[in-house]
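# Structural overview
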Amino acid sequence: MRLLADLHTHTVASGHAFSTLTENAQVARARGLELIAITDHAPNVPQGAHPWYFWNLKVIPSVLDGVRLLKGCEANLSLESENGLDLPDQILAWLDFVAVGFHPHTGFDKPDRARNTEALLRVIAHPLVDQITHPGNEAEFPLDLDAVVEAAVRHNVILELNDHSFDPTSSRAGSGAREREFAEAALAAGAPLSIGSDAHYALYVGRFEAALAIAEEIGLTEDRIVNRNAESVLSHLLAKRERPRLDVGGEWEWPVAAHGAAPADIAANGDTEGGERWW
Ligand SMILES: [Zn+2]
Ligand SMILES: [Zn+2]
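Residues numbered from 1 in each chain as written. Chains lettered and ligands numbered in written order. Predicted model: local features only at pLDDT ≥ 70, side-chain atom pairs only at ≥ 80, totals over all residues. Heavy atoms only, no water.

## As for the coordination of the zinc ion (ligand 2)
- Within the first shell, the zinc ion (ligand 2) binds the protein through H8 (NE2), H10 (NE2), E74 (OE) and D198 (OD), at distances of 2.0 to 2.3 Å.
- One chain supplies every donor to the zinc ion (ligand 2), and in sequence these donors are spaced H-x1-H-x63-E-x123-D.
- Separating the zinc ion (ligand 2) from the zinc ion (ligand 1) is a distance of 3.2 Å, and E74 supplies a donor atom to each of them. Of the two residues, H10 is situated in the loop between β1 (5-9) and α1 (21-30) and D198 in the loop between β8 (193-196) and α7 (209-218); the sequence distance between them amounts to 188 residues. (Donors = N, O, S within 2.8 Å, 3.2 Å for Na, K, Ca; no water. Helix = DSSP H or I, 4+ residues; strand = E, 2+ residues; numbered from the N terminus.)

## Considering the coordination of the zinc ion (ligand 1)
- Only E74 (OE), H103 (NE2) and H134 (NE2) from the protein reach the zinc ion (ligand 1) as donors, at distances of 2.1 to 2.2 Å.
- Read in sequence order, the donor residues for the zinc ion (ligand 1) give the motif E-x28-H-x30-H.

## Brief notes about the environment of A42
- Its place among the elements puts A42 in the loop between β2 (35-38) and α2 (51-55).
- Since its relative accessible area comes to 0%, A42 is described here as buried.
- It is 20 Å that separates the C-alpha atoms of A42 and T117, two residues lying 75 residues apart in sequence. (Buried < 20%, exposed > 50% of the residue type's maximum accessible area, 1.4 Å probe, protein only.)

## Structural notes on the packing of helix α4 (residues 113-124) against helix α5 (residues 145-155)
- Their axes nearest at 9 Å, the elements α4 and α5 cross at an angle of 10 degrees. Classified by the interaxial angle, the pair formed by α4 and α5 is roughly parallel. Contacts from T117, L120, L121 and I124 in α4 reach A147, V148, A151, A152 and H155 in α5.
- Considering only residue class, the contact of α4 with α5 consists of 7 nonpolar, 2 polar and no charged. (Axes fitted to C-alpha atoms, helices over the stretch in contact; angles between N-to-C directions. Parallel < 35°, antiparallel > 145°, perpendicular 65-115°, else oblique. Contact = heavy atoms within 4.5 Å. Nonpolar A, V, L, I, M, F, W, Y, C, P; charged D, E, K, R; others polar.)

## Side note on a nonpolar patch on the surface
- The grouping of F18, Y201, L203 and Y204 at the surface amounts to a nonpolar patch, some 450 Å² of accessible area in total.
- Its place among the elements puts L203 in the loop between β8 and α7.
- Classification of L203 as partly exposed rests on a relative accessible area of 44%. (Patch = residues over 30% accessible without salt bridge, like charges linked within 9 Å, V, L, I, M, F, W, Y side chains within 5 Å. Areas by Shrake-Rupley, 256 points an atom, 1.4 Å probe, with all protein chains shown as cover. Salt bridge = Lys/Arg side-chain N within 4 Å of Asp/Glu carboxyl O.)

## Comments concerning the pairing of β1
- In terms of residue burial, β1 counts as a mostly covered element, since 5 of its 5 residues are buried.
- Two strands pair when backbone bridges link them, and β1 and β2 are joined in this way by 3 bridges, in the parallel orientation. Bridge pairing links A5 to L35 in β2.
- The parallel pair β1 and β2, bridged by α1, forms a crossover whose chirality is right-handed. (Pairing = 2+ DSSP bridges. Right-handed = clockwise from strand over helix to strand, strands pointing away.)

## Details of the packing of helix α6 (residues 176-189) against α7
- Remark: α6 packs on α7, axes separated minimally by 11 Å, with the N-to-C direction vectors making an angle of 50 degrees. In terms of axis orientation, α6 runs oblique to α7. Along this stretch, α6 crosses α7, giving a crossing that reads as right-handed. Within the contact between the two elements, α6 uses R180, A183, E184 and L187 and α7 uses I214, E217 and I218.
- Across the contact of α6 with α7, the residue classes break down as 4 nonpolar, no polar and 3 charged. (Left-handed = near helix turned anticlockwise from the far one by under 90°.)

## Side note on α5
- All of the buried residues in α5 are L145, A147, V148, V149, A151 and A152.
- Elements in contact with the buried residues of α5: α4, β7 (158-162) and α6.
- Measuring from the side-chain oxygen of the N-cap residue of α5 to the backbone nitrogen of D146 gives 3.2 Å; that N-cap residue is D144.
- Looking at the residues trailing α5, positive phi occurs at N156, about 55 degrees. (Polar contact = N/O pair within 3.5 Å; in protein donor to acceptor, adjacent residues only side chain to side chain.)

## With respect to the environment of E138
- Looking at the element boundaries, E138 is found in the loop between β6 (131-132) and α5.
- Here E138 falls in the partly exposed class, since its relative accessible area comes to 28%.
- Those residues in contact with E138, other than ones at most four positions away along the chain, are R113, L143 and R178.
- For E138, the side chain forms a polar contact with the side chain of R113, separated by 2.7 Å.

## Notes on the pairing of strand β5 (residues 97-101)
- The element β5 is largely enclosed, with a buried count of 5 among its 5 residues.
- Where burial is concerned, the two faces of β5 agree: the one with F97, A99 and G101 and the one with V98 and V100 are both buried.
- With 5 bridges joining them, strand β4 (residues 67-76) and β5 adopt parallel strand pairing. Residue pairing in the sheet places N76 in a bridge with G101 of β5.
- The parallel pair β4 and β5, bridged by helix α3 (residues 89-94), forms a crossover whose chirality is right-handed.

What follows is the structure, given as structure tokens:
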């Protein structure tokens, strides 16, 4: 199975990730991906991006070097805000893709299954929410699995099987077993599923090996995964609601090739012969 879209990537704007959006897009292109969602951490995560960052994603191309960029977020649940999230509806409605997940230091650090489930069910029912990230973090953020999966089916919200949750160096190390249980239950119940890299560095964009191994074990086939390719992602999202700003950024080519190679037109216009350093 080869997935050509990644619905979970972070940039330096997340505060604890290390690549730019352009670097992520270049790796995506090099790996043959057709689409990535930019899902930086929203304000309630320490050093998460400011609301203005999400608002201003409109300056970013919609398609860069042939890779569709979904301007998104990984929002946090909030016990204090009106909509139950840490970004206002006005900004969420501008975004192409809204992911939501539980994270440390966002008001849910004392494990409470009933409170977490109630907060998440409210968020899943929010019409602007598209995906729940890493639902299997049982030790830190326990959830009522059946209730969450049932709500995801009812509201057509994607449940993510998070590749990074299977990484022994992950802050969620140990949550892989529960992550797998969520995927199995989502598969059985007919909930939309995705596999996300949760890349915090460009070289992880589009890497899904651990999650794909779990998919194979549980019989999760490509046709059940929303992020098969750009078309499958866009048709799922557009069936759920309108995405009025999807093409606002336009289609662009990055004028400098990745890895420092001089594109032909720059080399041709310089004073040096092709093949020499152009910078
Ligand atoms: Zn997360
Ligand atoms: Zn993430």
